[in-house]
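One letter stands for each residue in the lines below.
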Amino acid sequence: MAEVPDNTAVRTALWRAMHVQVDPPPHVLEDELGLRLVAPDADWRSRPDMDPVGTSGFRASMVARARFIEDLVAEQADRGVDQYVLLGAGLDTFAQRRPEIASRLTVFEIDQPATQAWKRQRLTDLDLAIPTWLRLVPVDFETTESWWDQLLAAGFDPARPAVVTSTGVSMYLTKETTAATLRQLSALAPGSTLAMTFLLPTDLLAAPDRSGLQASEKGARAAGTPFISFYTPPEIQELAEQAGFKATQHVSGTALADRYFADRTDGLRPSTGEDFLIATT
């Protein structure tokens, strides 16, 4: 068995399962498959980062952003877009959970070779076949290996529109690296869409959420994956426009909260701090 995925990917998968297991319906996203992939110890819900109350805002944020992405991909598929690229796919389970949408696309999941090998093995262990329309694309981001070249080698057609997503990645990259990625993606076929999350500077967060972000930042640093880059919404939009995108839009975490959590009676609501950039070619 290959080494396990990074802690962030595992935590995200477990939070998605926690939403189903501890929050009352309606569920914003129903995903316990990631839990099956991880197969944690029986007492996993006792982990400090799984505290049902203390981490509820983070849990809600994870399911909100995943639901937003899946709604966007479904919308793009209805428009006729038939390629979906996940940059930093982690333990995403869209292809397994939503085959009625995913099978209309060619889905390219890009991530580190160890994570991809681990995920491939776990899918096999669970008797979940990898369909022909799902491509696991291993890329070693720590070398000079080009994710774009690997994507093309996996069958991606740059002449056809695509939807590309990148969630929970930009904070670990320098602004120069993100700018280079945006320049590459701005050359996608007309009608393509990028959805990318970014972290806000601490002073733009709602006051109750600042300590949570600081704790996350401390944990990431201790794990050897420090947060490097934060953006204001105008800054990230300007970066995308300078890279060559024709149009950009900022979607706040608050907007996602209003969209998916407005009618809840349990008080569950995403924490602030991570927003979306939507950019189109």
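Small disclaimer: the values here were computed from a predicted structure and weren't measured. (Residues numbered from 1 in each chain as written. Predicted model: local features only at pLDDT ≥ 70, side-chain atom pairs only at ≥ 80, totals over all residues. Heavy atoms only, no water.)

**Points about the nonpolar core**
Core analysis: the biggest nonpolar cluster contains 33 residues, and Tyr84, Leu105, Val107, Phe261 and Phe276 have the highest contact counts within it. Sorting the residues of this core by element identifies helix H3 (56–78), strand S1 (83–87), helix H4 (94–97), helix H5 (99–102), strand S3 (134–138), helix H11 (253–261) and strand S7 (274–280) as the ones contributing at least two each. Not counting residues up to four positions away in its chain, the partners in contact with tyrosine 84 are Ile69, Val73, Phe94, Leu105, Thr106, Val107, Phe108, Val163 and Thr165. Ile110, Trp148, Leu182 and Leu194 belong to the second-largest nonpolar core, a separate cluster that totals 30 residues. (Core = buried A, V, L, I, M, F, W, Y, C linked by side-chain atoms within 4.5 Å. Buried < 20%, exposed > 50% of the residue type's maximum accessible area, 1.4 Å probe, protein only. Helix = DSSP H or I, 4+ residues; strand = E, 2+ residues; numbered from the N terminus. Contact = heavy atoms within 4.5 Å.)

**Quick word on the packing of aromatic side chains**
Using the criterion set out here, one finds 9 aromatic pairs in the structure. A ring pair is formed by tyrosine 84 and phenylalanine 94, whose centres lie 5.7 Å apart and whose planes are at 80°; its orientation type is edge-to-face. Remark: phenylalanine 94 occurs in helix H4 and tyrosine 84 occurs in strand S1; sequence separation between them is 10 residues. For phenylalanine 94, a relative accessible area of 1% translates into the label buried. Note on phenylalanine 108 and phenylalanine 156: the rings are 5.7 Å apart at their centroids and 80° apart in plane angle, and the pair reads as edge-to-face. Taken together, the positions of phenylalanine 108 in strand S2 (residues 106–111) and phenylalanine 156 in the loop between helix H7 (147–153) and strand S4 (163–166) put the pair 48 residues apart, joining distant regions of the chain. Taking the relative accessible area as the measure of exposure, phenylalanine 156 reaches 4% and is therefore buried. (Phe/Tyr/Trp six-rings, centres within 6.5 Å; stacked < 30°, edge-to-face > 60°.)

**Considering the pattern of salt bridges**
Considering all chains together, one arrives at 18 salt bridges under this definition. Its salt-bridge partner being arginine 67, residue aspartate 71 comes within 3.2 Å of it at the nearest N-O pair. Within this pair, aspartate 71 and its partner arginine 67 are both found in helix H3, separated by 4 residues, close to a single helical turn. Aspartate 71 sits in the partly exposed class, given a relative accessible area of 30%. With relative accessibility at 28%, the residue arginine 67 sits in the partly exposed group. Each of the salt bridges in this network shares a partner with another, and the network as a whole consists of Arg16, Asp31, Glu70, Arg97, Arg98 and Glu100. (Salt bridge = Lys/Arg side-chain N within 4 Å of Asp/Glu carboxyl O.)

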